[in-house]
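Each chain, letter by letter, is given below.
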Amino acid sequence: MKPNLLTNTPHCDLAFTPTPCYRLSNISADLECNLYCKRDDLTGFAFGGNKVRKMEYLIADAIEKQSDAIVTSGAYQSNFCRVTAAAGAFAGIEVHVVLGGTKEPTMSGNYLLINHLGARIHAVRSDSWEDWEAERQELADSLRKQGRVVYEMPIGGSVPLGAMGYVGAFYELLDDFKRLGINPTHIFFASSSGGTHAGLLIGKWLTGWEGKIIGIGTAKSGGRLSEEIRTLAKETGDLFNTTLQPEDIIVDDAYVGEAYGIPTKGCEDAIQYFARKEGIFLDHVYSGKAAAGVMDYIASGKVNRKEPIVFIHTGGNVELFA
Ligand SMILES: Cc1ncc(COP(=O)(O)O)c(C=O)c1O
């Protein structure tokens, strides 16, 4: 049963849940494994993905605080900025997005959708997340000086309220496992700002589930991301009275490649493989790299092929049109 805090904390129903979870029969046959997929790319709202689950709590908080402006930041192809722009539009709250990058953006993918959604765009000529966040802070301060009630959402919505979305998702996964009659040894997914990872870990600690939760890093070094997840999981866990178990925080950064957002060969291969075997579209920034990691774990025997494992498809495939 879900903890009371989850059901009592205000949230807006944006996502179509439960999302499908099923065995990937063609890939499982081809790789002689037992691979399941949780289709969080199909959360539905504004083209879906993992950010919708986080946004259900964040936008409800913004509404409760009577905010009249939301400020967030990300890359031009940010999935979180797309979902924030949509949630703000839906709630009738003005959204400001600080979009960063040194390359001239093309009007495509998430950037195009953010424009369609009517968000106010503030460009920063930098690839550094720190610069984007500094600009967001400055913008929020200046709006406050104009008397606005500003709600700030940091990169990826990775604060305890956002992470709650994935505490809920973990309980949904346990229902899926029960229905499917499986007890997976591992759950894999793309990890970047840490909110998805922290939420799943709280779910594991609350329920005593024994499998491993492995975030495939897509941005920064595994050490740095693990530290951030540890802080966020501690803050979120305190709300639920769970005890932090740092040894459970597993980030594998072996599949990032050159840098965040730069495709790797493994990721390109995974995108084609999932499309051609299962009709599932991944992306080059997150889910493609995570799937490349899962395939390598299977091929190299880091997981027992006979045991069920789960890949959470966190979405992001709008990027294929960028
Ligand atoms: C499609 C997709 N997958 C995974 C992630 C990683 O989620 P988190 O930031 O919660 O670690 C993101 C975040 O940007 C994303 O957009």
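Numbers given to residues run from 1 along each chain, matching the order in which its sequence is written. At least 70 in pLDDT is required for a residue's local features to be given in this predicted model, at least 80 for side-chain atom pairs to be given and counted, and no such filter applies to totals for whole chains, interfaces and linings, which use all residues.

### What about helix H5 (residues 109-116)?
Next, step 1: Along H5, the residues that are buried comprise Gly 109, Asn 110, Tyr 111, Leu 113 and Ile 114.
Next, step 2: Where the residues of H5 are buried, they touch helix H4 (79-91), strand E4 (94-100) and strand E5 (120-124).
Next, step 3: Comment: elements are numbered from the N terminus, with helices defined as DSSP H or I runs of at least four residues and strands as E runs of at least two. One or two positions beyond H5, positive phi appears at Gly 118, with a value near 85 degrees. To assign burial, the other C-beta atoms lying within 10 Å of each residue's own C-beta are counted, with C-beta atoms placed from the backbone; 20 or more indicates buried, 12 or fewer indicates exposed, and intermediate counts indicate partly exposed. Once C-beta atoms are placed from the backbone, any two residues with those atoms within 7 Å are in contact.

### A closer look at the pairing of E5
Next, step 1: Examined bridge by bridge, E4 and E5 share 5 bridges and lie parallel to one another. Counterpart to Val 98 in the pairing with E5 is His 122. Strand pairing is assigned whenever DSSP detects at least two bridges linking the two strands.

### Some remarks on the domain arrangement of the chain
Next, step 1: The domain boundaries here were taken from an automatic or database domain assignment. Entries for the chain in the domain assignment read domain 1 (4-50 + 159-321) and domain 2 (52-156).
Next, step 2: Taken over C-alpha atoms, the centre of domain 1 sits 24 Å from the centre of domain 2.
Next, step 3: Each partner contributes to the interface: domain 1 provides 31 residues, whereas domain 2 provides 25 residues.
Next, step 4: Only Asp, Glu, Lys and Arg are considered charged, only Ala, Val, Leu, Ile, Met, Phe, Trp, Tyr, Cys and Pro nonpolar, and every remaining residue, Gly among them, polar. Among the residues making up the side of domain 1 that touches domain 2, the classes are represented as 14 nonpolar, 15 polar and 2 charged.

### A few points about the sheet that holds strand E3 (residues 69-75)
Next, step 1: Spatial strand order, E5-E4-E3-E6: 4 strands in an open sheet with parallel pairing. Of all strands in the sheet, those with a lone pairing partner are E5 and strand E6 (150-153), marking the two edges. The sheet shows a mean angle of 20 degrees between the axes of neighbouring strands, direction not considered.
Next, step 2: Pairing of E3 with E4 involves 7 bridges; the strand directions are parallel. Within the sheet, the bridge partner assigned to Val 71 lies in E4 and is His 96.
Next, step 3: Think of each axis as a best-fit line through the C-alpha atoms, taken over the contacting stretch in the case of a helix, with angles from 0 to 180 degrees between the N-to-C directions. Sheet contacts for H4: E3, E4 and E6; angle to E4, the most-contacted strand, approximately 165 degrees.

### Regarding the packing of helix H3 (residues 51-64) against H4
Next, step 1: One can describe the packing of H3 onto H4 by two numbers: an axis separation of 10 Å at closest approach and a directional angle of 40 degrees. By the angle between their axes, H3 is oblique relative to H4. The two elements H3 and H4 cross, and the hand of that crossing is right-handed. Facing Lys 51, Val 52, Met 55, Ile 59, Ala 62 and Ile 63 of H3, the residues of H4 in contact are Asn 79, Phe 80, Val 83, Thr 84, Ala 87 and Ala 91.
Next, step 2: Here the residues of the contact of H3 with H4 are counted per class, giving 9 nonpolar, 2 polar and 1 charged. Between 65 and 115 degrees an angle is taken as roughly perpendicular, under 35 as roughly parallel, over 145 as roughly antiparallel, and anywhere else as oblique. Here a crossing is called left-handed whenever its near helix is offset anticlockwise from the far helix by less than a right angle, and right-handed whenever the offset is clockwise.

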